[in-house]
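Structural characterization, general
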Amino acid sequence: MAGLAQVAVLLVLLAAAWRPLGDWMARVYTDESDWRVERVVYRLVRVDPRSEQRASTYAVAVLAFSFAGIVLLYLLQRLQTLLPWSFDRGAVESGVAFNTAISFVTNTNWQSYVPETTMGHTVQLVGLTVQNFVSAAVGLAVAVALTRGFVRSRTDRLGNAWVDIVRGCTRILLPIAAVAAVVLVATGVVMSLRAGVDVIGADGRSSTIALAPAASQESIKELGTNGGGILNANAAHPFENPNPVSNLLEIFLLLVIPVALTRTFGRMVGSVRQGVSLLAVMGGLWVAMLAVIWTAEARSASFAGANLEGKEVRFGIAGSALFANSTTGTSTGAVNSLHDSFSALGGGGAMLNMLFSEVTPGGVGTGLYSILVVAIVAVFLAGLMVGRTPEYLGKRLGRREVTCAVVVVLTMPALVLLGTGLAIALPSTADAMTNAGPHGLSEVLYAYASAANNNGSAFGGLTVTSGFFQTTLGIAMLLGRFLPIVAVLALAGLLARQPRVEPGPGTLSTGTPLFSVLVAGTIVLVAAITFLPALALSPLAEGLA
Amino acid sequence: MTTTVEKDTETRPSPVTGTALRRQLGAAVRVLLVLTVLLGVVYPAVIWGVSRLPGLHANAEGSVTPGGTSSLIGIDPVPADPAADPWFHTRPSASAPDDAVAGLGPADATTSGGSNLGADAADLATAVAERRAAIAAREGVDPAAVPPDALTASGSGLDPQISPEYAALQAPRVARVTGLPVERVRALVADATAGRALGVLGEPRVSVPELNASLAPVAPGIR
């Protein structure tokens with residue numbers, strides 16, 4: 001009962017934030033004026049904030065920005081010995097630095113290193129914290145550009161990527177993250193520039209526990225659906241997530257922007273109902289998957305009588321299942337419990353959240369554009385059934401539009417299945433697994449699902465430090481992030497160029513419960529068709545054994 | 001605004017030319033550097049500054065008391081004499097040294113993490129069985145009475161808290177070894193117990209660092 005009430009508290013908080021935050025974000029991306037700090041930024045970087053870009057230029061800007069981010073982050077890690085607050089942690093090894101640079105720029109935050117022994121505070125703050133912000137801002141920008149594609153007609157301009165990225169940081173992410181960081185310190189999250197603190201046990205022995213400037217990164221790590229821990233145990237570490245209050249706040253932060261973006265979308269396209277119908281899909285699947293994961297964990301006796309392996313006492317089964325469902329449904333990847341130690345169906349549920357292509361409710365920005373792409377596919381399928389050219393929000397969905405949508409939908413499954421297949425074919429992969437049999441396959445499948453969906457959580461038992469995993473997972477993160485972004489921006493350009501068509505008698509009515517069911521059905525169907533064979537060999541086989 | 005990078009780019013017939021690429025890359029580097037100063041230096045510096053305020057400062061540095069105890073970090077105490085063990089124990093840790101019985105024993109504090117063993121893994125079955133036997137012997141109880149949190153390693157390896165059931169299981173042994181009345185020990189356990197926040201968040205739990213710290217000054221049998 002307390003567990004259900006905990007979920008209710010979370011939902012009330014999200015409902016309260018939905019309207020003001022959604023409206024605020026719509027204003028941020030339609031405002032004609034700039035804040036003073038933004039004017040300073042535009043002057044420094046020599047960008048005219050009133051100029052607008054074509055889809056291709058917008059895409060080049062996003063790609064160039066991300067490329068520059070990867071290079072800077074790689075260099076910071078490799079040159080760590082020259083930086084202050086590095087505590088002799090040394091230059092980061094090249095394979096780790098390559099993987100980590102891609103991981104944080106793509107909003108994945110997959111971690112193939114132990115943070116407290118690898119990264120000094122300067123790399124954490126100047127490198128990783130910054131990418132926690134800007135990778136989320138890029139996701140927001142792409143989602144807004146796609147929304148403008150629906151809103152605008154007969155134009156080839158989608159807005160200005162630099163303005164969208166800067167405003168996402170200054171007006172949305174930074175203010176919320178700053179307030180949340182202070183609240184997190186008040187709950188007990190550390191914010192220290194020291195390397196560690198000596199703790200004396202009851203027996204008189206002294207142990208040094210690593211400290212970090214955690215609070216400022218913890219807040220944006222959840223808010224930006226990033227997920228990379230500043231300490232190895234991530235949000236299971238008492239210094240990152242000390243009690244049930246911080247736990248609820250962190251879950252709230254990782255859900256709030258993806259949820260509120262549905263209202264932003266509705267406001268921008270002039271019909272809140274359109275956003276609500278997408279929120280219904282996200283919320284419906286989120287609740288269903290919570291039920292699956294929670295029930296599976298609560299019913300699993302494992303060997304100890306309750307499956308508390310990898311879970312903290314302060315969160316228990318309920319708080320761990322709620323976090324796991326939210327972190328995998330939002331492409332965050334932070335964990336407050338170890339998914340590898342979940343029961344077969346509980347861990348499989350977390351994996352399935354990712355295999356739904358991160359739309360329950362998905363990452364910051366990525367969730368909205370991913371579900372819009374699925375909505376386009378759903379409208380197209382419905383159009384095929386009645387034999388009419390499909391329309392969505394006053395835009396015809398022709399061959400080119402649907403091609404872009406299908407590229408987005410197919411990128412992730414292709415990367416996951418090819419990556420997993422390749423890894424399993426290598427004899428060395430068996431040695432990298434902690435668990436044998438179907439659970440070992442789950443570890444590998446989970447890794448590629450996590451990378452290609454830019455989630456970043458892991459079945460941590462898989463040792464991914466080999467050159468093969470560092471490289472292939474890095475490539476999966478890169479392609480899983482940027483192929484869809486380029487296709488989405490191309491789609492946005494095609495939509496913006498079209499004139500608006502008035503709804504006719506054959507137009508499928510969107511923004512209705514029926515439409516929500518259609519979109520949800522498409523999500524489940526696509527995931528089932530692509531992943532059922534793989535899932536049957538891993539979590540399902542394990543669960544039935 | 002004086003310079004117009006975008007407009008020059010946009011008037012070209014083919015938008016993605018080499019020049020356009022160079023211009024966007026130049027803008028990208030400049031935007032990245034400016035945002036790095038704002039988000040990677042100014043923002044954390046402000047949060048760090050605010051965390052120096054009284055009431056936040058202790059939290060920010062790890063919630064360590066003047067006596068050196070942190071209520072947030074659970075590292076299992078080692079009794080000087082295993083036959084006369086006066087301490088309440090934390091949960092097993094996956095980072096405990098290999099010679100400890102299946103993770104019973106102090107964690108390796110230099111890092112954090114869990115076992116990652118699957119819920120059906122044979123290695124987990126072995127570890128749970130070893131822990132069950134060791135704890136039942138230590139407490140002098142039926143192996144079936146040992147609660148789940150005592151048999152499983154936490155995700156962090158540093159979980160400072162145990163279930164009220166595990167604390168109740170240890171109380172009689174602690175009372176016997178320390179010479180305190182068992183009611184006194186149970187009262188100390190109650191003081192170190194936290195309920196669900198707001199009545200609904202999280203789980204009831206007993207803080208082992210707080211409990212052992214409160215035990216040491218009053219127990220005649222230790223120190």
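Residues numbered from 1 in each chain as written. Chains lettered and ligands numbered in written order. Predicted model: local features only at pLDDT ≥ 70, side-chain atom pairs only at ≥ 80, totals over all residues.

1. A word on the overall build of chain B
Per the secondary structure count, chain B includes 8 helices and 3 strands. Each helix and strand of chain B, ordered N terminal to C terminal, gives the series α-α-α-α-α-β-α-α-β-β-α. Within chain B, contacts between residues separated by at least 24 positions form 56% of all contacts whose residues are at least 6 apart in sequence. (Helix = DSSP H or I, 4+ residues; strand = E, 2+ residues; numbered from the N terminus. Contact = placed C-beta atoms within 7 Å.)

2. Remarks on the overall build of chain A
A tally of regular secondary structure across chain A gives 19 helices and 6 strands. Taking 24 Å as the expected radius of gyration for a compact globule of 545 residues, we find that chain A reaches 22 Å, a close match to that expectation. Pairs at least 24 apart in sequence give 78% of the contacts found in chain A among residues at least 6 apart. (Rg over C-alpha atoms; globule rule 2.2 N^0.38 Å.)

3. Digging into the sheet that holds strand β3 (residues 205–207) of chain B
Pairing between the strands of a sheet comes from backbone hydrogen bonds, and it takes one of two forms, parallel or antiparallel. Residue and element names in this part refer to chain B. With antiparallel pairing, the 3 strands of this open sheet are ordered in space as β1-β3-β2. In this open sheet, the two strands that pair with only one neighbour each are β1 (161–162) and β2 (193–194). The sheet contact formed by β1 and β3 spans 2 bridges and is antiparallel. Looking across to β3, one finds that Ile 162 is bridged to Val 206. Where helix α8 (residues 208–215) meets the sheet, its contacts fall on β1 and β3, and the angle it forms with β3 comes to roughly 50 degrees. (Pairing = 2+ DSSP bridges. Axes fitted to C-alpha atoms, helices over the stretch in contact; angles between N-to-C directions.)

4. Notes on the interface of chain A and chain B
On the side of chain B, 90 residues touch chain A, which itself brings 106 residues to the contact. Residue classes in the side of chain A that touches chain B are distributed as 59 nonpolar, 34 polar and 13 charged. (Nonpolar A, V, L, I, M, F, W, Y, C, P; charged D, E, K, R; others polar.)

5. A few points about the confidence of the model for chain B
Residues and elements named next belong to chain B. Here chain B averages 89 in pLDDT, while 90% of its residues score no lower than 70. In this model residues 1–13 is a low-confidence stretch, pLDDT under 50, and it forms 29 contacts with partners more than four residues away in sequence or in other chains. Scoring the predicted complex yields pTM 0.96 and, for the interface, ipTM 0.96. (pLDDT = per-residue confidence, 0-100.)

6. What to know about the nonpolar core
Core analysis: the largest hydrophobic core is formed by 247 residues, its most contacted members being Val 62, Val 142, Ile 165, Leu 173, Val 488 and Leu 489 of chain A. Tallying contributions element by element places helix α6 (residues 121–151) of chain A first for this core, with 18 residues. The two domains that each donate at least three residues to this core are domain 1 (5–50) and domain 2 (67–215) of chain B. With residues up to four places along the chain from it excluded, the contact list for Leu 173 of chain A reads Phe 133, Ala 136, Ala 137, Gly 168, Ile 220, Leu 223 and Gly 224 of chain A. (Core = buried A, V, L, I, M, F, W, Y, C linked by C-beta atoms within 7 Å. Buried ≥ 20, exposed ≤ 12 C-beta atoms within 10 Å, placed from the backbone. Domains from an automatic or database assignment.)

7. Details of the environment of Val 402 of chain A
All names here are of chain A. Relative to the assigned elements, Val 402 resides in helix α14 (residues 399–425). Note on Val 402: 18 C-beta atoms within 10 Å, which makes it partly exposed. In this structure, the C-alpha to C-alpha distance between Val 402 and Val 379, residues 23 residues apart in sequence, is 9.9 Å. Setting aside anything within four residues of it in sequence, one finds Val 402 in contact with Ile 376, Phe 380 and Leu 397.

8. Re the pairing of strand β3 (residues 196–200) of chain A
Residues and elements named next belong to chain A. Of the two faces of β3, only the one carrying Val 197 and Val 199 is buried; Gly 196, Asp 198 and Ile 200 on the other face are not. Here β3 pairs with strand β4 (residues 206–210) via 5 bridges, running antiparallel. Among the inter-strand pairings, Val 197 is bridged to a residue of β4, identified as Ile 209. In textbook terms, the turn of a hairpin is the stretch between consecutive antiparallel strands, and for β3 and β4 this stretch comprises 5 residues, one of which, Gly 204, has a positive phi near 90 degrees.

9. Considering the domain arrangement of chain B
The domain architecture assigned to chain B consists of domain 1 (5–50) and domain 2 (67–215). If you average the C-alpha positions of domain 1 of chain B and of domain 2 of chain B, the two centres end up 52 Å apart.

10. Things to note about the packing of α6 of chain A against helix α2 (residues 18–50) of chain B
Interaxial distance between α6 of chain A and α2 of chain B falls to 9 Å at its minimum, and their mutual angle equals 110 degrees. Between α6 of chain A and α2 of chain B, the angle falls in the class roughly perpendicular. Between α6 of chain A and α2 of chain B lies a crossing of right-handed hand. Across from Leu 125, Val 126, Thr 129, Val 130, Phe 133 and Val 134 of chain A in α6 of chain A, the residues of α2 of chain B making contact are Leu 35, Thr 36, Leu 39, Gly 40, Val 41 and Pro 44 of chain B. (Parallel < 35°, antiparallel > 145°, perpendicular 65-115°, else oblique. Left-handed = near helix turned anticlockwise from the far one by under 90°.)

11. Quick word on the packing of helix α7 (residues 182–191) of chain B against α8 of chain B
Residue and element names in this part refer to chain B. Put simply, α7 and α8 touch, their axes get as near as 9 Å, and they point 140 degrees apart. In terms of orientation, α7 lies oblique with respect to α8. Of the two elements, α7 crosses α8, and the hand of that crossing is right-handed. Residue-level contacts link Leu 188, Val 189 and Asp 191 of α7 to Leu 211, Ser 214 and Leu 215 of α8. Of the residues that constitute the contact of α7 with α8, the class distribution is 4 nonpolar, 1 polar and 1 charged.

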